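Structure at a glance
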Amino acid sequence: MKLSVDKEADALYLRLDDSPVIHSEEVSPGVVLDYNESNDVVGVEMLRLSQRSSNLNFSDLQFEVTTPP
């Protein structure tokens, strides 16, 4: 899994695996899902990040991993 943030493009991309992207679909304004040949989601792109959060700070991204009880 890989998370990329492009400050210039004001976008975030979460890549779930390395399988080739066969098609993409905008499921909500500025939210694009990438699918592989099995129609599994392999990537999520969010555009216009600064418009989605008034307190956005690219250098202060936090990651949280939780485990089931």
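My aim in this report is to walk through the structure given alongside it, one point at a time. (Residues numbered from 1 in each chain as written. Predicted model: local features only at pLDDT ≥ 70, side-chain atom pairs only at ≥ 80, totals over all residues. Heavy atoms only, no water.)

1. Brief notes about the overall build of the protein chain
The number of helices and strands found in the protein chain is one helix and five strands. Starting at the N terminus, the α and β elements of the protein chain follow one another as β-β-β-β-β-α. Seen along its three principal axes, the alpha-carbon backbone of the protein chain occupies a region of about 35 × 35 × 20 Å. In the protein chain, buried positions account for 20% of the 69 residues. For the protein chain, contacts bridging at least 24 residues in sequence account for 30% of all contacts bridging at least 6. Here the protein chain displays about 5400 Å² of accessible surface, and carbon together with sulfur accounts for 49% of that area. (Helix = DSSP H or I, 4+ residues; strand = E, 2+ residues; numbered from the N terminus. Buried < 20%, exposed > 50% of the residue type's maximum accessible area, 1.4 Å probe, protein only. Contact = heavy atoms within 4.5 Å. Areas by Shrake-Rupley, 256 points an atom, 1.4 Å probe, with all protein chains shown as cover.)

2. Some words on the pairing of strand S1 (residues 2–6)
Examined bridge by bridge, S1 and strand S2 (residues 11–15) share five bridges and lie antiparallel to one another. Looking at S2, one finds that Leu-3 is bridged to Leu-14. Counting the residues between successive antiparallel strands, the hairpin from S1 to S2 contains four residues, one of them, Asp-10, with a positive phi of roughly 55 degrees. (Pairing = 2+ DSSP bridges.)

3. Here's the deal with the side chain of Asp-10
Note on placement: Asp-10 falls in the loop between S1 and S2. Buried charge without a partner: Asp-10 forms no salt bridge, and the closest opposite charge is Arg-48, 7.3 Å away. (Lys, Arg positive; Asp, Glu negative; His and termini not counted. Salt bridge = Lys/Arg side-chain N within 4 Å of Asp/Glu carboxyl O.)

4. Digging into the sheet that holds strand S5 (residues 41–47)
Read across the open sheet, the five strands follow the order S1-S2-S5-S4-S3; overall the sheet is antiparallel. Edge positions in the open sheet fall to S1 and strand S3 (23–28), since each of these has one partner strand only. On average, each strand axis in the sheet is tilted by 20 degrees relative to the strand beside it, whichever way the strands run. Sheet analysis places strand S4 (residues 31–35) next to S5, joined by five bridges and oriented antiparallel. Following the sheet pairing, Tyr-35 is matched in S5 by Val-41. (Axes fitted to C-alpha atoms, helices over the stretch in contact; angles between N-to-C directions.)

5. Some remarks on a nonpolar patch on the surface
Side chains of Leu-3, Val-5, Leu-61 and Phe-63 sit close together on the surface and give an oily, nonpolar patch of about 350 Å² of accessible area. Mapped onto the elements, Val-5 comes out in strand S1. (Patch = residues over 30% accessible without salt bridge, like charges linked within 9 Å, V, L, I, M, F, W, Y side chains within 5 Å.)

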